[in-house]
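Residue-level structural notes
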Amino acid sequence: MAASVAAAARRLRRAIRRSPAWRGPSHRPLSSEPPAAKASAVRAAFLNFFRDRHGHRLVRSASVRPRGDPSLLFVNAGMNQFKPIFLGTVDPRSEMAGFRRVANSQKCVRAGGHHNDLEDVGRDLSHHTFFEMLGNWAFGGEYFKEEACNMAWELLTQVYGIPEERLWVSYFDGDPKAGLDPDLETRDIWLSLGVPTSRVLSFGPQENFWEMGDTGPCGPCTEIHYDLAGGVGAPQLVELWNLVFMQHNREADGSLQPLPQRHVDTGMGLERLVAVLQGKHSTYDTDLFSPLLNAIQQGCRAPPYLGRVGVADEGRTDTAYRVVADHIRTLSVCISDGVFPGMSGPPLVLRRILRRAVRFSMEILKAPPGFLGSLVPVVVETLGDAYPELQRNSAQIVNLVSEDEAAFLASLERGRRIIDRTLRTLGPSDMFPAEVAWSLSLCGDLGLPLDMVELMLEEKGVQLDSAGLERLAQEEAQHRARQAEPVQKQGLWLDVHALGELQRQGVPPTDDSPKYNYSLRPSGSYEFGTCEAQVLQLYTEDGTAVASVGKGQRCGLLLDRTNFYAEQGGQASDRGYLVRAGQEAWRLGCMAKHTATHLLNWALRQTLGPGTEQQGSHLNPEQLRLDVTTQTPLTPEQLRAVENTVQEAVGQDKAVYMEEVPLALTAQVPGLRSLDEVYPDPVRVVSVGVPVAHALDPASQAALQTSVELCCGTHLLRTGAVGDLVIIGDRQLSKGTTRLLAITGEQAQQARELGQSLAQEVKAATERLSQGSRDVAEALRLSKDIGRLIEAVETAVMPQWQRRELLATVKMLQRRANTAIRKLQMGQAAKKTQELLERHSKGPLIVDTVSAESLSVLVKVVRQLCEQAPSTSVLLLSPQPVGKVLCACQVAQGAMPTFTAEAWALAVCSHMGGKAWGSRVVAQGTGSTSDLEAALSTARAYALSQL
């Protein structure tokens, strides 16, 4: 018996270590328990089981856009939102601090970063970029291995009715190198539940030891697998549920230490569970996807979906079905959570997903334009009951998907034209230029996937310069690194062990309420109250607790009280001293910018409508940054209106009210602004001009008429101290998201003064242009002055609305100036042309000198001569200061192909030690010589030898 079990274990280790993929279509049912439950019922049964039978608190899914976690592109697991609990950094006043046992269904996206399934989607029957993770958690030892395994087994076998004989389990087999023993406790739990020894397998750390990252909480896990074969032939196992027992912490040096508190973290993919319960061999065959697949067939008139993979999927039709169905779910969920297609980070990933969906739908399924947007209502119908944000934002999702699809199709057509035009300039063995491919790519102007560009070139039998493309990619990465916001140096942070030790000692969290202890003097200045505190503990820079430190050593202090503000809510941390007399200028600057940010947020909604939502902010004493959702870029008129609204509130010197209230009181207040994040309870409310109690009264509607936000930041007590606000920059971060930069106070006044000064310069340039120029030189000077003015307006710290208006004006002036230059040059060229025609009799050749202020004028003289004497070939030289000579020539049509302009100019300019360029018909060049007659003789001799 032992030998057969060992053999089975070896076979199953190989099976499990392979990527768990559904094998393909089969007529054999996976479960003998009809009828199949709908996906919505499966999700509800999971949540109800843990809530009703085992007392779990149901929490809503977090947004797929990570909050305060730069290590993630998207939320990719159910545990992401609970990381503060695992790390011991949860705010003790927050709702999350009270979590003991919770359950939910979490929206997850794995497309980029450490977990990236994007390229696998469509190739098999199980991968998805968006999926739902069912999970239950027990924090701080609320329950551990025995209870977690019992609950999982009870749910799968008794509630879902999965036959026990089709379930296999695995447990951690230990890791001698790390000093970890086998998890025999978990093995014995499964055996006590009746799982046969033959279906209880052990594996090493690669399969059964789960880690959050390179460092942090981790622990052994046990997995529950389902046998697709059902006892017919060799087992075909797919993982259903992973139960993680967090009991260790991975230190920076790679060692493992026991956690102060143990936690249970489980995750089970809804799509895979539904496939099992509905008797399907593919997640795409479940009712989570079948409505979408049907809608795709109806919208594209494609052959029906047959679930084929690999070589059996002729024409990749079924692959395209899966890609489009998966990607439209991901797009809908991400956009509903505020992630829009864009040019960097998660928005760029979403842009790639959208364009990948367009490619497959257009190229393979032959979908009509606008097709992707038509699928959004199907996603909303399928998932909207579980995630209401899809229903609320359905119109916006359709608009963004349709607009980006249309933009991509237009870019694709432009890309084809650019490729064709470029190919006409290449020789038979030339590679396609990397610079052109880069400009076509997602990193360039048109946003075409590079593999699509390569495919288009492959169809035309042309090879891409891959080495050059790699070089450009490296240069772009270096440029982005230089342009990235500077990373703040990480200060001293207490790790989970230090925090756990403080909790064991009964040390309460530091009381930071004194940070709100400041007042406004009658003079208008601010007075910050002092804070007396006791030092509870000293820490070295590496976080080690010590009893004392010596002179010159850097250390951390743990105080029982503090009036310092720690960075959160977009406001920078305070700077200062333990003992300091007088006013803290840094803090006051932050307070002014924070209150201004609230006013700006409110003014945007007043101007653009209530659909304008804050996406993020950051402020310090120098400037503030606010990211908001906008349907279209702001116009200069809208920017000016927003500034005026803020100025009005500042001028009224309204009182700013701040008060902590129970979180429940804020739930149903119309117009109250909050972000998708965890708030403490009680929560701090900041209201401008209206007392908090009145603002929170739903009947008052006050939050619709003024700024009322949930905010932990420090604020002015009256708006007047903001002084002024100027929006100095705006740019589109992604489709539907605008970033605004603004300054306040004296900086804002200086920006307005600079704006007025530049406006006067633009007015003066307009007057100069209207008076006209007497000659080309004067017109060129004016054009250069306008060019310098454009650069000044583009780079000045000034009101953005005024910058946009002035740029529109000054660029129009530049066009008018260039037109005037061309007219003067044409007139000058016509005069010189007549002089030359009078000097030369009709013949096959004109070679001469003429005065010209620029090469463009010289070329115009040559062209006009040839227009009036079509059978004559012309070369003209124009001496310039310091011995420089300009050259331009054109060859008559009848003299080619033996005689070409490019070769003629090269012969003459080489004689003068210069260079030439052009075509067979027209060419130009430069050189230097003091002997013009010798250069003219060379020109005549070369021409006569070719005619």
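Residue numbering note: each chain is counted from 1, following its sequence as written. Local features in this predicted model are restricted to residues whose pLDDT is 70 or higher, and side-chain atom pairs enter the listing and the counts only when it is 80 or higher, whereas totals over whole chains, interfaces and linings include all residues. In computing side-chain values, all of the structure's heavy atoms are included and hydrogens and water are not.

Now for a positive patch on the surface. Residues form patches when they are more than 30% accessible in relative terms and have no salt bridge. Like charges link within 9 Å. Nonpolar side chains (Val, Leu, Ile, Met, Phe, Trp, Tyr) link within 5 Å. Each accessible area is a Shrake-Rupley result for a 1.4 Å probe, and residues are judged covered by the shown protein chains and nothing else. Definition used for salt bridges: Asp or Glu carboxyl oxygen within 4 Å of a side-chain nitrogen of Lys or Arg. Just so you know, the count uses Lys and Arg for positive and Asp and Glu for negative, and it drops His and the chain ends. A charge is said to be at NZ when it belongs to Lys, at CZ for Arg, at CG for Asp and at CD for Glu. Judged by side-chain charge, Arg 414, Arg 417, Arg 421 and Arg 424 come together as a positively charged surface patch. A helix here means a DSSP run of H or I that spans at least four residues, while a strand means a run of E at least two residues long, and both kinds are numbered starting from the N terminus. Here Arg 414 lies in helix H13 (residues 394-423). The exposure class of Arg 414 is partly exposed, given its relative accessible area of 43%. Buried means the residue's accessible area, taken with a 1.4 Å probe over protein chains only, is under 20% of the maximum for its type, while exposed means over 50%, and partly exposed covers the values in between.

All right, on to the pairing of strand S5 (residues 200-203) then. Burial along S5 is two-sided: the face carrying Val 200 and Ser 202 and the face carrying Leu 201 and Phe 203 are both buried. Here strand S4 (residues 167-172) pairs with S5 via four bridges, running parallel. Counterpart to Tyr 171 in the pairing with S5 is Ser 202. Read from S4 through helix H5 (residues 184-192) to S5, the crossover connection turns out right-handed. Two strands pair if DSSP finds at least two bridges between them. The handedness of a crossover follows from its direction of travel: if, with the strands pointing away from the viewer, the path from the first strand over the helix to the second runs clockwise, the crossover is right-handed.

Before going further, it helps to examine the pattern of salt bridges. Per the counting criterion, the structure on display carries 34 salt bridges. Residue Asp 653 pairs with Arg 718 through a salt bridge whose shortest N-O separation is 3.3 Å. With Asp 653 in the loop between helix H19 (636-651) and strand S17 (656-661) and Arg 718 in the loop between strand S19 (708-710) and strand S20 (725-734), the pair connects residues that are 65 residues apart, well separated along the chain. Through salt bridges with shared partners, one network takes in Asp 91, Arg 93 and Glu 660.

Another point: the sheet that holds strand S16 (residues 624-629). Strand order in this open sheet of four strands is S15-S16-S21-S20, and the pairing throughout is antiparallel. Looking along the sheet, the strands with just one partner apiece sit at the ends: strand S15 (614-619) and S20. Across the sheet, the axes of successive neighbouring strands diverge by a mean angle of 15 degrees, strand direction being ignored. Strand direction decides the pairing type here: S15 and S16, joined by five bridges, are antiparallel. Across the sheet, the residue bridging to Leu 619 is Leu 624, located in S16. Residue contacts follow a heavy-atom distance rule, with two residues in contact if any of their heavy atoms lie within 4.5 Å. For every element, the axis is a line fit to its C-alpha atoms; helices are fit only across the contacting stretch, and the angle between N-to-C directions ranges from 0 to 180 degrees. Against the sheet, helix H18 (residues 585-608) contacts S15, S16, S20 and strand S21 (737-744), and its axis sits at roughly 20 degrees relative to S16.

As a rule of thumb, nonpolar side chains are buried together in soluble globular proteins. For our purposes a nonpolar core is just a set of buried Ala, Val, Leu, Ile, Met, Phe, Trp, Tyr and Cys residues, chained together by side-chain atoms within 4.5 Å. Residues Ile 162, Trp 241 and Ile 296 are the most contacted members of the largest nonpolar core, which totals 114 residues. In terms of residues, this core owes the most to one element, helix H9 (residues 317-336), which gives 10 residues. Leaving out residues up to four positions away in the same chain, Trp 241 has contacts with Phe 46, Phe 50, Asn 136, Ala 152, Leu 155, Leu 156, Thr 222, Glu 223, Ile 224, Thr 266, Gly 267 and Met 268. Counting 32 residues, the second-largest nonpolar core is a separate cluster that includes Ala 572, Trp 586, Val 642 and Val 722.

We now examine the state of the cysteines. The disulfide definition used here is simple: a pair of cysteine sulfur atoms within 2.5 Å. This model, assessed by the stated rule, comprises zero disulfides. Not engaged in a disulfide, the cysteine Cys 149 finds its nearest cysteine sulfur in Cys 221; these two sulfurs lie 11 Å apart. Between Cys 712, a free cysteine, and Cys 711, which holds the nearest cysteine sulfur, the sulfur-to-sulfur gap is 5.4 Å.

Here we take up the confidence of the model for the protein chain. Confidence of the prediction at every residue is given by pLDDT, a number between 0 and 100. Per-residue confidence for the protein chain averages 87 on the pLDDT scale, and 93% of its residues sit at or above 70. Confidence drops under pLDDT 50 across residues 1-34; counting only partners more than four residues distant or on other chains, this segment forms 60 contacts.

So, about the packing of helix H4 (residues 145-159) against H5. Running from N to C, H4 and H5 cross one another at 35 degrees; their axes reach a closest spacing of 10 Å. Relative to H5, the crossing made by H4 is right-handed. Counting all contacts with H4, which are made through Lys 145, Glu 146, Cys 149 and Trp 153, the residues of H5 involved are Glu 185, Thr 186, Ile 189 and Trp 190. Three categories are distinguished: nonpolar for Ala, Val, Leu, Ile, Met, Phe, Trp, Tyr, Cys and Pro, charged for Asp, Glu, Lys and Arg, and polar for the others, with Gly belonging to the last. Tallied by class, residues from the contact of H4 with H5 come to four nonpolar, one polar and three charged. Definitions for this section: a left-handed crossing has its near helix turned counterclockwise from the far helix by less than a right angle. A right-handed crossing has that turn clockwise.

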